[in-house]
Amino acid sequence: MCRAHLIAPSVLSADFGRLHEEVRAAEAAGADWLHLDVMDGHFVPNLTMGPDVVKAIRRATSLPLDVHMMVSDPGRYAPRFIDVGADWVSIHYEACPEPRGVLADIRTRGARPSLAVSPDTPVAVVAPSARDLDMVLVMSVHPGFGGQKFLPGSLAKLEDARRLRDRLGLGFLIEVDGGVTVENAEAAARAGADVLVAGTAVFGATDYATAITAMRQAGAAAAAPA
């Protein structure tokens, strides 16, 4: 199957002093989605944005908002983020090992449910809830902080997610998040990633459009016949 590759700049790497400007610049540069990392200081050792920040970003853009919830109680907090504009909501298996109820609630509230797995968690844990998902998020760094390097073992996990999807005959997207760059984007796409989350690689670039275009071309190269 030939699948389009989506580029989702991670706002965690943007200049928060110029947040509206940064969001609009990413949209103008050709971003498909915006990826928003929500961290609670408990599930991961960092604190980031809450619903008010997501609400402000929603006012600044019409792009789909991809909210990645790195929190200990996603069922409690997901509704708040959907209420302020989240289009996609990823919860972590490690925080919610029986996720089907939370995933169903996310869908009922009008957002697209996704299940994320950290580097030490095998993709196989997704299988029992795979039919409830619109996306699987493979973390390619240990969650908590931006700017980390892509873990090489992530490519095998992306392949595992793709094989699971194929085996079950499902259509969920596969997203990769952490250390994605222009240099490794093609390998990630070839391994199975449909959505490339890029923080520093976009917001740290001199020209956002050039970076996004290069990643899109990498995805296209991965999809091209050998």
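Residues numbered from 1 in each chain as written. Predicted model: local features only at pLDDT ≥ 70, side-chain atom pairs only at ≥ 80, totals over all residues. Heavy atoms only, no water.

Visitor: What should I look at first to understand helix α1 (residues 19-28) in this one?
Guide: Looking at α1, one finds that the buried residues are Leu-19, Glu-22, Val-23 and Ala-26. Projected down its long axis, α1 carries its buried residues within an arc of 100 degrees, all on one side. Contact partners of the buried residues in α1: β1 (6-9), β2 (34-39), α2 (51-60), α7 (200-203) and α8 (208-223). Directly after α1, the chain includes Gly-30, whose backbone phi takes a positive value near 110 degrees. (Buried < 20%, exposed > 50% of the residue type's maximum accessible area, 1.4 Å probe, protein only. Helix = DSSP H or I, 4+ residues; strand = E, 2+ residues; numbered from the N terminus. Arc of directions from axis to C-beta. Contact = heavy atoms within 4.5 Å.)

Visitor: What should I look at first to understand the packing of helix α3 (residues 74-83) against helix α4 (residues 100-108) in this one?
Guide: Helix-helix packing is described using two parameters, namely the angle between the two axes and the distance between the axes. Close contact between α3 and α4 brings their axes to 10 Å; oriented N to C, the two are set at 10 degrees. Relative to α4, the element α3 lies roughly parallel. Along the contact surface, α3 presents Pro-74, Gly-75, Ala-78, Pro-79 and Ile-82, while α4 presents Val-102, Asp-105 and Ile-106. Broken down by class, the residue content of the contact of α3 with α4 amounts to six nonpolar, one polar and one charged. (Axes fitted to C-alpha atoms, helices over the stretch in contact; angles between N-to-C directions. Parallel < 35°, antiparallel > 145°, perpendicular 65-115°, else oblique. Nonpolar A, V, L, I, M, F, W, Y, C, P; charged D, E, K, R; others polar.)

Visitor: I tried to follow α2 on my own but got confused; where do I start?
Guide: In an α-helix, one turn spans 3.6 residues, which is why side chains three or four residues apart end up on the same side. Listing the buried residues of α2 in full gives Val-54, Ala-56, Ile-57 and Ala-60. For α2, the buried positions fall inside an angular range of 160 degrees around the axis, keeping them on one side. Along α2, exposed side chains directed more than 90 degrees from the buried face belong to Asp-52 and Arg-59. Turning to α2, the residues buried within the fold contact α1, β2, β3 (65-70) and α3.

Visitor: Just to check I follow, could you spell out the packing of aromatic side chains for this structure?
Guide: Scanning the model with the defined rule gives two aromatic pairs in all. Relative to Tyr-208, the ring of Phe-203 lies with its centre 5.4 Å away and its plane at 80 degrees, an arrangement referred to as edge-to-face. (Phe/Tyr/Trp six-rings, centres within 6.5 Å; stacked < 30°, edge-to-face > 60°.)

Visitor: It is not clear to me how the pattern of salt bridges should be interpreted in this structure. Could you clarify?
Guide: Two side chains with opposite charge may pair up if their charged atoms get near one another. The full count for this structure, using the stated rule, is twelve salt bridges. Among the ionic pairs, Asp-87 bridges to Arg-58, the shortest N-O distance being 2.9 Å. A residue pair is termed long-range when its members are at least 10 positions apart, and Asp-87 in the loop between α3 and β4 (88-92) and Arg-58 in helix α2 qualify at 29 residues. Residue Asp-87 is classed as partly exposed on the basis of its relative accessible area of 27%. The partner of Arg-100 in a salt bridge is Asp-132, and the shortest N-O contact between them spans 2.6 Å. Here Arg-100, found in helix α4, pairs with Asp-132, found in the loop between β5 (112-117) and β6 (135-139); they are 32 residues apart in sequence, far enough to count as distant. Exposure remark for Arg-100: the relative accessible area of 48% places this residue in the partly exposed category. In the salt-bridge network here, residues are joined through shared partners; they are Asp-15, Arg-18, Glu-21 and Glu-22. (Salt bridge = Lys/Arg side-chain N within 4 Å of Asp/Glu carboxyl O.)

Visitor: Looking at this structure, how should I read the side chain of Asp-66?
Guide: If you trace the backbone, Asp-66 turns up in strand β3. Side chain to side chain, Asp-66 and His-35 meet in a polar contact 2.7 Å long. Residue contacts for Asp-66: discarding those within four places in its chain leaves Trp-33, Leu-34, His-35, Leu-36, Trp-88, Ser-90, Met-135 and Glu-175. (Polar contact = N/O pair within 3.5 Å; in protein donor to acceptor, adjacent residues only side chain to side chain.)

Visitor: Can you help me understand the sheet that holds strand β7 (residues 173-177) in this one?
Guide: Adjacent strands of a sheet form backbone hydrogen bonds with each other and so pair up, either parallel or antiparallel. Spatial ordering of the open sheet is given by β1-β8-β7-β6-β5-β4-β3-β2, a layout of eight strands whose pairing is parallel. Two strands bound the open sheet, and with one partner strand each, they are β1 and β2. Sheet twist, expressed as the average angle between the axes of neighbouring strands with direction ignored, equals 25 degrees. Two strands pair when backbone bridges link them, and β3 and β4 are joined in this way by four bridges, in the parallel orientation. When the bridges of β4 are listed, His-68 appears paired with Ser-90. Lying over the sheet, α4 contacts β4 and β5, oriented at roughly 145 degrees with respect to β5. (Pairing = 2+ DSSP bridges.)

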